[in-house]
Amino acid sequence: MAMLADNLFKRIIDGKISAKIIHDDDLCIAFHDIGPQAPVHVLIIPKKVIPTHDALTPEDGPLIGHLHLVAVNLAQELGLAEGYRLVINCKDRGGQTVPHLHMHLLGGRDFHWPPG
Ligand code: AMP
């Protein structure tokens with residue numbers, strides 16, 4: 001993860017790298033994942049640079065709530081009424097590869113547990 005400290009996602013927010021953006025507001029953007037793991041695979045990311053989930057502070061509470069509500073709206077728009085999965089990978093052992101907090105919205109197929 002440290003290898004990507006330049007923060008790819010901040011570059012997408014700043015418009016320096018293109019992405020298929022499907023949502024943009026004051027607090028966050030959402031775009032299609034470049035390597036989809038399901039028929040629907042969207043990343044929802046805060047515009048505020050927060051490197052990992054465990055870097056969240058109490059002041060970020062409303063922001064995290066907002067990301068979840070954006071996920072609800074996108075799930076409806078993308079036809080995921082039967083269900084979906086939200087994932088936040090944290091640091092190396094959680095499988096995080098980009099050091100900018102992001103929520104995966106996955107849908108369009110069945111998901112299983114344990115997640116592997
Ligand atoms: P994570 O492994 O949780 O850090 O997730 C990072 C995600 O970013 C992966 O699912 C990648 O496929 C995705 N990704 C990497 N580069 C891009 C990009 N340029 N545009 C869209 N998604 C990307």
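Check the entry above for the structure.
These numbers come from a predicted model, not from an experiment.

Draft legend 1. A look at the pairing of strand β3 (residues 40-46). Within β3, seven of the seven residues are buried, which leaves the element mostly enclosed by the surrounding structure. The side-chain alternation of β3 yields two buried faces, one formed by Val40, Val42, Ile44 and Pro46 and the other by His41, Leu43 and Ile45. The pairing of β3 with strand β5 (residues 103-107) spans five bridges and is antiparallel. Pairing of isoleucine 44 across the sheet is with methionine 103, part of β5.

Draft legend 2. Spatial organisation of the site of the ligand. With respect to spatial proximity, 15 residues lie near the ligand, and among them Asp33, Asn89, Thr97, His102 and His104 are the closest. A distance of 2.7 Å is found between an oxygen atom of the ligand and a backbone nitrogen or oxygen belonging to threonine 97. Here the ligand has 500 Å² of accessible area as a free molecule, and 83% of this is covered by the chains. Only α1 (8-13) and β2 (28-32) provide two or more residues apiece to the shell around the ligand. Considered class by class, the residues forming the shell around the ligand number six nonpolar, eight polar and one charged.

Scoring rules and cut-offs
- Residues numbered from 1 in each chain as written.
- Predicted model: local features only at pLDDT ≥ 70, side-chain atom pairs only at ≥ 80, totals over all residues.
- Heavy atoms only, no water.
- Buried < 20%, exposed > 50% of the residue type's maximum accessible area, 1.4 Å probe, protein only.
- Helix = DSSP H or I, 4+ residues; strand = E, 2+ residues; numbered from the N terminus.
- Pairing = 2+ DSSP bridges.
- Near = heavy atom within 4 Å.
- Polar contact = N/O pair within 3.5 Å; in protein donor to acceptor, adjacent residues only side chain to side chain.
- Areas by Shrake-Rupley, 256 points an atom, 1.4 Å probe, with all protein chains shown as cover.
- Nonpolar A, V, L, I, M, F, W, Y, C, P; charged D, E, K, R; others polar.

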